[in-house]
Amino acid sequence: MTVVRTRFAPSPTGYLHLGGARTALYCWAFARHFGGTFILRIEDTDLERSTPEAVRAIIEGMEWLGLHHDEGPFYQMQRMERYRQVVKQMLDAGTAYHCYSSPEEVEAMRERMRASGDKPRYDGTWRPEPGKALPAVPADRTPVVRFKNPLDGEVSWDDVVKGTITIANKEMDDLVIARPDGTPTYNFCVAVDDWDMQITHVLRGDDHVNNTPRQINILNAIGAPLPKYGHLPMILGADGEKLSKRHGAVSVMDYPAQGYLPEAMLNYLARLGWSHGDDEIFTMEQFCQWFDLNNLTKSPAQFNPEKLNWLNNQYIKLADNDRLASLARPRMLTEGAEFNHNPPLAPVLGLMKERANTINELADAAMLFYRTPQADPALLAQHLNDAVKPALAQFAERIETVEWHKPALAAMIKEVLTAHSLKMPQLAMPLRLILVGQLQTPAIDAVLELFDRDVVLARVRKYL
Ligand code: GLU
């Protein structure tokens, strides 16, 4: 059995976007499925658009997601010597040739073809053929190197997502593989890299379908084995348009900032273009076990923020409360949370996480435990009326000795209510105002249990 080797090959021209992260996830999981190797390759030959910040953003995003590469990162800019070497080998072997046509001449050729209704392409002036006399080499002109694309026949591959794709060779130009200054061009570098890195499976966005026949022809020309290709349909917004900023965050690293957990993001991305029966929630171990390139979706996936929120909530509920606390604490500190004397954060989050879609929502909701309570006087007057005051006094007395856990607190409150013929909200509402300054909180016994007895006493006594 072949050893599986996959690669994620982003161009560092921006952030790591959701589509890129999904590609990386699939490449990673497929390698893991077969105990293979996952390679990170940075395609940084576009000097004008590539930046070191973008490289960092990609690496940071992959680290956050936990998509660890086994080899790399390899940088194409550091492989220039190797590309030059292969260009030379191809020139020597006659699978590439020098072309001295000037850019103006090439443009004129294209114009002529357009005018006669043909597909604009290089006309093969400098393409050597047996028995063909080439023009005289113009003085002072540095040539480009063109690939000698086969003239006849077709290129066909069995795409693991899209099925068989066939392109006639006559649809393809003799691609420039090296510019006059010797720098290699995109499709050529990808082919050489996939060869050198012994890539067995290329999974990438379907914006690369048009590049694949060119890369296959180059790989054939240099005698490289062909990887299997799979082109993933793009991710659309809920409105069916290409996913963009309008649909919310497109950069993966915006998600931790908004309070999403990496496992929720991974689970969400895994389902965005692939399915395993009706399974919606699964671990990455399961995903790696299942992900064998079957069940990939042919049609474009639609990004659905509500579903991501739902998943994030599921994972928040599963998450360890101490971990949630370390994620929520920095945000709460910037919002002025007073952690002294107030309940420990982990159990508070445990109590409140049921309904939180994000860590940020959870942190904001938990703030009610960490502010000096300032109840609206009108609300207080309404809820802490004369019928309730004697009950509050008895409550304060009982608080001094009651066992400090939820069932005992609940039983004590019930007794106080019965003694004063009150209903639960009549005591619970003013207590909430007194303890945390607002009416919406989790169950009063659960809230009480989290506070220190002394803090509760001090706050209640102010109103006696
Ligand atoms: N660098 C390309 C991109 O970021 C990917 C190329 C590939 O996967 O072959 O779209």
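Here is a short report on the structure shown in this document. Only a predicted model underlies this, so the values are computations on that prediction, with no experimental measurement involved. (Residues numbered from 1 in each chain as written. Predicted model: local features only at pLDDT ≥ 70, side-chain atom pairs only at ≥ 80, totals over all residues. Heavy atoms only, no water.)

### Points about the pattern of salt bridges
Applying the stated criterion across every chain yields a total of 29 salt bridges. For the salt bridge of R49 with D46, the shortest nitrogen-to-oxygen distance reads 3.6 Å. Residue D46 is classed as partly exposed on the basis of its relative accessible area of 32%. For R461, the salt bridge goes to E400, with nearest N and O atoms at 3.1 Å. (Salt bridge = Lys/Arg side-chain N within 4 Å of Asp/Glu carboxyl O. Buried < 20%, exposed > 50% of the residue type's maximum accessible area, 1.4 Å probe, protein only.)

### Notes on the side chain of D193
Position of D193 relative to the elements: it lies in helix α5 (residues 186-196). Residue classification places D193 among the buried residues on the basis of a relative accessible area of 0%. A distance of 2.8 Å separates polar atoms of two side chains, one belonging to D193 and the other to Q76. For D193, the side chain forms a polar contact with the side chain of Y83, separated by 2.8 Å. Not counting residues up to four positions away in its chain, the partners in contact with D193 are R41, Q76, R79, Y83 and Q198. (Helix = DSSP H or I, 4+ residues; strand = E, 2+ residues; numbered from the N terminus. Polar contact = N/O pair within 3.5 Å; in protein donor to acceptor, adjacent residues only side chain to side chain. Contact = heavy atoms within 4.5 Å.)

### Here's the deal with the packing of α5 against helix α6 (residues 211-221)
Contact geometry of α5 with α6 gives a least axis separation of 9 Å together with a crossing angle of 55°. What the angle tells us is that α5 and α6 run oblique. The two elements α5 and α6 meet at a crossing, and its hand is right-handed. Within the contact between the two elements, α5 uses Y186, N187, F188, V190, A191 and W195 and α6 uses N211, R214, Q215, I218 and L219. (Axes fitted to C-alpha atoms, helices over the stretch in contact; angles between N-to-C directions. Parallel < 35°, antiparallel > 145°, perpendicular 65-115°, else oblique. Left-handed = near helix turned anticlockwise from the far one by under 90°.)

### So, the sheet that holds strand β5 (residues 144-147)
Strand order in the open sheet formed by 3 strands is β4-β5-β8, with antiparallel pairing between adjacent strands. Each edge of the sheet is formed by a strand with only one pairing partner; in this case those strands are β4 (96-99) and β8 (176-178). Taking the axes of each pair of neighbouring strands and ignoring which way they run, one obtains an average angle of 45° across the sheet. Inspection of the sheet shows β4 paired to β5 by 4 bridges, in the antiparallel sense. (Pairing = 2+ DSSP bridges.)

### A look at unusual backbone geometry
The step from G72 to P73 runs through a cis peptide bond, and the omega angle for that step is 0°. Here P73 is to be found in strand β3 (residues 71-75). At Q198, a position not held by glycine, the phi torsion is positive, near 50°. By the secondary structure assignment, Q198 is in the loop between α5 and β9 (201-205). Relative accessible area serves as the criterion here: at 54%, Q198 is assigned to the exposed category. Of note, L293 is a non-glycine position whose phi angle comes to about 75°, a positive value. Tracing the backbone through its elements, the reader meets L293 in the loop between α9 (284-290) and β12 (301-302).

### What about the side chain of D173?
By the secondary structure assignment, D173 is in the loop between β7 (163-168) and β8. Looking at D173, its side chain comes within polar contact range of the side chain of R110, at 3.4 Å. A distance of 2.7 Å separates the side chain of D173 from the backbone nitrogen of Y122, its partner in a polar contact. In this structure, D173 is in contact with R110, R121, Y122, N149 and R214, ignoring residues within four places of it in sequence.

### Focus: the packing of aromatic side chains
All told, the structure shown has 18 aromatic pairs when counted by the stated rule. With 5.6 Å between their ring centres and 70° between their planes, F282 and W290 make a pair best called edge-to-face. A single burial state applies to F282 and to W290, both of which are buried. Centre to centre, the rings of F369 and Y370 are 6.3 Å apart; their planes meet at 50°, and the pair counts as tilted. Judged by relative accessible area, which is 0%, Y370 ranks as buried. By the ring-pair criterion, three or more aromatic residues cluster together here, those being Y26, W274, F282, F287, W290 and F291. For the cation-ring pair, R329 lies above F339, with the distance from its terminal atom to the ring centre recorded as 4.9 Å. (Phe/Tyr/Trp six-rings, centres within 6.5 Å; stacked < 30°, edge-to-face > 60°. Lys NZ or Arg CZ within 6 Å of the ring centre and 35° of its normal.)

### Some thoughts on helix α12 (residues 345-352)
What α12 keeps buried is the set L345, A346, V348, L349 and M352. What you see down the axis of α12 is that its buried residues fit within an arc of 165°, all on one side. In this fold, the buried residues of α12 make contact with α11 (321-334), α13 (359-366) and α18 (444-450). (Arc of directions from axis to C-beta.)

### Describing the pairing of β7
Bridge count between strand β6 (residues 154-159) and β7: 6 bridges; the pairing is antiparallel. Looking across to β7, one finds that D159 is bridged to G163. The hairpin turn running from β6 into β7, its antiparallel successor, is 3 residues long.

### A few points about the nonpolar core
If you look at the biggest cluster of nonpolar residues, it comprises 110 residues, and the most contacted ones within it are L25, F287, F291, M332 and F395. When residues of this core are assigned to their parent elements, the largest contribution, 10 residues, is made by helix α1 (residues 18-33). Those residues in contact with F287 that sit more than four places away from it in its chain are L25, Y26, A29, A270, W274 and F282. Ranked by size, the runner-up nonpolar core spans 30 residues in total, among them F147, I199, V202 and I222. (Core = buried A, V, L, I, M, F, W, Y, C linked by side-chain atoms within 4.5 Å.)

### Considerations on the site of the ligand
Neighbouring the ligand are the residues R7, A9, P10, S11, E43, Y186, V190, R204 and H208. In this structure, a nitrogen atom belonging to the ligand sits 2.7 Å away from a main-chain N or O atom of A9. Here an oxygen atom of the ligand sits 2.7 Å away from a polar atom, N or O, in the side chain of R204. For the ligand, whose accessible area on its own is 300 Å², the fraction buried by protein is 81%. Grouping the constituent residues of the shell around the ligand by class yields 4 nonpolar, 2 polar and 3 charged. (Near = heavy atom within 4 Å. Areas by Shrake-Rupley, 256 points an atom, 1.4 Å probe, with all protein chains shown as cover. Nonpolar A, V, L, I, M, F, W, Y, C, P; charged D, E, K, R; others polar.)

### Notes on helix α15 (residues 389-399)
If you check which residues of α15 are buried, you get A391, L392, F395, A396 and I399. Take α15 and look down its axis: the buried residues cluster within an arc of 145°, on one side only. The inward-facing, buried residues of α15 contact α16 (406-419), α17 (424-436), α18 and α19 (453-461).

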